[in-house]
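The chain contents come next:
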Number of protein chains: 2
Amino acid sequence: MSDGAKVVALSGGIGGAKLALGLDRLLPACALTVVANTGDDFNHLGLHVSPDIDTLLYTLAGLDDPTKGWGRRDETWTFMKAIAALGGESWFLLGDGDLATHVERTRRLGAGETLSMVTEAFRQRFGIASRILPMSDDAVRTRVRTDEGWLDFQHYFVRRRCEPAVEALEFTGAVSARMAPDVAAAIADPALAAIIICPSNPYLSVDPILAVPGMREALRARRVPALAVSPIIAGQAVKGPTAKMMAELGLEPSAATVARHYEGLIDGLMVDALDADVEVPAGMRVFAAATLMRSLDDRIYLARTVLAAVAELAGGRA
Amino acid sequence: MSDGAKVVALSGGIGGAKLALGLDRLLPACALTVVANTGDDFNHLGLHVSPDIDTLLYTLAGLDDPTKGWGRRDETWTFMKAIAALGGESWFLLGDGDLATHVERTRRLGAGETLSMVTEAFRQRFGIASRILPMSDDAVRTRVRTDEGWLDFQHYFVRRRCEPAVEALEFTGAVSARMAPDVAAAIADPALAAIIICPSNPYLSVDPILAVPGMREALRARRVPALAVSPIIAGQAVKGPTAKMMAELGLEPSAATVARHYEGLIDGLMVDALDADVEVPAGMRVFAAATLMRSLDDRIYLARTVLAAVAELAGGRA
């Protein structure tokens, strides 16, 4: 990409954050803007918890726990033990260090800051070079209709461990939510060179972002190449409930289904080499590479491959 | 004391909690009601912190830190490190376990519970046999006029380490505060046999309790003996700024000054053996004993001595 070119990446939590980290390490400072899903946000114990924003913050700051794959490294759990002893809710694990993020965020929101402002302050404090933005400063909450009835996202995801069968998803508040101002600016930026949809769960992590009014329209009217990375490899999800949920929704868990899901929104789909023969809608180009990201090198390799694909798409456009 | 006799103790934090623990260990379950100062309460990082209630809870539950003399035993400090890294306020030390108390209290208060209800729930959870009650469910906030101007209590006490010279004290909100319902009931209880003012700072810890409308009047009109334990031993405070503050207020730091401070409110003053010759107002009886409480045995010994003195006062009344 040319000097000064900007990239916008849409991301959920862990899977998306891996590619975001690769992009962050590869791109110049301030070139990358990660738009985070906030549909998973919830109020817990009076605290505003933003799981995907926090995963992005911790991952890009190098504070993530490499063993557990979530939360912070060098974490302690004294709070959880004490809250359980007090009879408080203990089904959502909050590490002692992680808690500082939620307490300080809640305090700042209470003092009138927007979620964008809080996230920006944390990004600066953590010394992260890329921008991380909530998709909206307004509350959008993912709810899951299951064979046990409607569940708030974290109740489905954490408390019930994704066990109930998913029948439908709803993003409460999305209709009236406004795109966060910096997200709109990033998408309208003349220096924007590409939009990347990270290998996050298309239904749980990316759809809430696309549900914010103007987001889907902006992608449809894109002036620059957009490319998604399939979170499905050979019919399997790398992590989390994506494949299980697709089956429950009557969809074949495959890269082809992901391709159809993003039809009209992307110019290219990056799939794993195992899925190189994927069928995609007309006009969508397929790129194949090793998309499983185990090491930091894997993340940087995939980011480089994604940027090369985007450059190729741009060439095709020019 | 006779079977079923009840005792009310007014207490601040650490010094008062030592005697409260002795009384708790000595008296039958449910016989002791500790009325806690809430003038030190404050909102910190969006959390409702009640330092004296918590000291009483932790002390009576055996969860207090025997080494530091404050906070919880087996505490960790990951939250503090993380909040400092985020640029949050870090001058007030909140241990990870301690934080659970503040988070759960704040959540319950937000859900509409009173401070009395929250404290009662925690007491039960901690398996404490004695009752602990806030003096009021309404906000009363101690403010300190110093040579540096007016300071909120915790700013004076913790942030400025009691260094500014105290000129006056104010209990904001006291005029319109209502005595907590269970406090009024405990004082009116026909089974009440004694009121004990613990060896807490008379100005910072006991005066806020006495500032709640009805409290001073109830003590003046007492039907049962009231006895205070002097927190001053041979002109020195065992801990904290009591003696320094008395000098700054133009008062001689002595048991005699404590006696005058409680004139009309108590029938007896328990002083240390070193102060056995203390001069007290007419009608007030002096009891002398070893009042320094280093061990649990010391606490139980002083509690036993206090209860014997109260029985003696009751005999004189009968």
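Okay, so let's go over this structure. Everything numeric here is computed off the predicted structure, so don't read it as measured data.

### Comments concerning unusual backbone geometry
Outside of glycine, negative phi angles account for most residues, and trans bonds account for most peptide bonds. Residue and element names in this part refer to chain A. One non-glycine residue, Cys30, lies in the positive phi region at around 75°. As for its position among the elements, Cys30 is in the loop between helix H1 (14–26) and strand S2 (32–36). Despite not being glycine, Ala234 has its phi angle at roughly 50°, a positive value. By the secondary structure assignment, Ala234 is in the loop between strand S11 (232–233) and strand S12 (236–237).

### Details of the environment of Met215 of chain A
All names here are of chain A. You can see Met215 is positioned in helix H9 (residues 215–220). It is 19 Å that separates the C-alpha atoms of Met215 and Ala20, two residues lying 195 residues apart in sequence. Excluding its chain neighbours within four sequence positions, the residues that come into contact with Met215 are Met179, Ile209 and Leu210.

### Focus: the relation of the copies chain B and chain A
The transformation that overlays chain B on chain A combines an axial shift of 0.0 Å with a rotation of 180°, and the residual RMSD is 0.0 Å. What we have between these two chains is a two-fold relation. Measuring from the rotation axis to each C-alpha of chain B, the shortest distance belongs to Asp96 of chain B, at 3.0 Å. Looking at the interface residues of chain B, 100% of them are also at the interface in chain A, so both copies use one shared face.

### Observations concerning the packing of helix H1 (residues 14–26) of chain B against helix H2 (residues 51–61) of chain B
Residues and elements named next belong to chain B. Taken N-terminus to C-terminus, the directions of H1 and H2 make an angle of 40°; their axes are 9 Å apart at the nearest point. Handedness of the H1/H2 crossing: right-handed. Counting all contacts with H1, which are made through Ile14, Ala17, Ala20, Leu21 and Asp24, the residues of H2 involved are Thr55, Leu56, Thr59 and Leu60. For the contact of H1 with H2, the per-class residue count stands at six nonpolar, two polar and one charged.

### What about the sheet that holds strand S1 (residues 6–11) of chain A?
Residues and elements named next belong to chain A. What the seven strands build is an open sheet, ordered S5-S2-S1-S9-S10-S13-S14; its pairing is parallel. The open sheet has two free edges, formed respectively by strand S5 (131–134) and strand S14 (285–289), since each of these has just one partner strand. Across the sheet, the mean angle separating the axes of adjacent strands is 25° when strand polarity is ignored. Summarising the sheet, strand S13 (residues 268–272) and S14 pair through five bridges and their orientation is parallel. Pairing of Met270 across the sheet is with Phe287, part of S14.

### Concerning the interface of chain B and chain A
Across the contact, 24 residues belong to chain B and 24 residues belong to chain A. Mapped by element, the contributors of at least two residues to the side of chain B that touches chain A are helix H3 (78–85), helix H4 (96–110) and helix H5 (115–125) of chain B. Broken down by element, the side of chain B that touches chain A gets its largest block of residues, ten residues, from H4 of chain B.

### Observations regarding the sheet that holds strand S10 (residues 226–229) of chain B
All names here are of chain B. Strand order in this open sheet of seven strands is S5-S2-S1-S9-S10-S13-S14, and the pairing throughout is parallel. Edge positions in the sheet fall to strand S5 (131–134) and strand S14 (285–289), since each of these pairs with one other strand and no more. Here the strands of the sheet are splayed against their neighbours by 25° on average, with no regard to which way each runs. As judged from the three bridges shared by strand S9 (residues 192–197) and S10, these two strands associate in the parallel manner. Its bridge partner lying in S10, Ile196 is registered against Leu227. The strands touched by helix H7 (residues 181–188) within the sheet are strand S1 (6–11), strand S2 (32–36), S5 and S9, with S1 carrying the most contacts at an inclination of about 130°.

### Let's talk about the packing of helix H3 (residues 78–85) of chain A against H4 of chain B
It is at 7 Å that the axes of H3 of chain A and H4 of chain B come closest, and there the two elements cross at 45°. With respect to H4 of chain B, the element H3 of chain A is oriented oblique. Once H3 of chain A is placed against H4 of chain B, the crossing between them reads as right-handed. Packed against H3 of chain A, whose contacting residues are Thr78, Phe79, Ala82 and Ile83 of chain A, the element H4 of chain B presents Asp96, Gly97, Leu99, Ala100, Val103 and Glu104 of chain B at the interface. The residue makeup of the contact of H3 of chain A with H4 of chain B, split by class, is six nonpolar, two polar and two charged.

Analysis parameters
- Residues numbered from 1 in each chain as written.
- Chains lettered and ligands numbered in written order.
- Predicted model: local features only at pLDDT ≥ 70, side-chain atom pairs only at ≥ 80, totals over all residues.
- Helix = DSSP H or I, 4+ residues; strand = E, 2+ residues; numbered from the N terminus.
- Contact = placed C-beta atoms within 7 Å.
- Least-squares fit on C-alpha atoms with pLDDT ≥ 70 in both.
- Axes fitted to C-alpha atoms, helices over the stretch in contact; angles between N-to-C directions.
- Left-handed = near helix turned anticlockwise from the far one by under 90°.
- Nonpolar A, V, L, I, M, F, W, Y, C, P; charged D, E, K, R; others polar.
- Pairing = 2+ DSSP bridges.
- Parallel < 35°, antiparallel > 145°, perpendicular 65-115°, else oblique.

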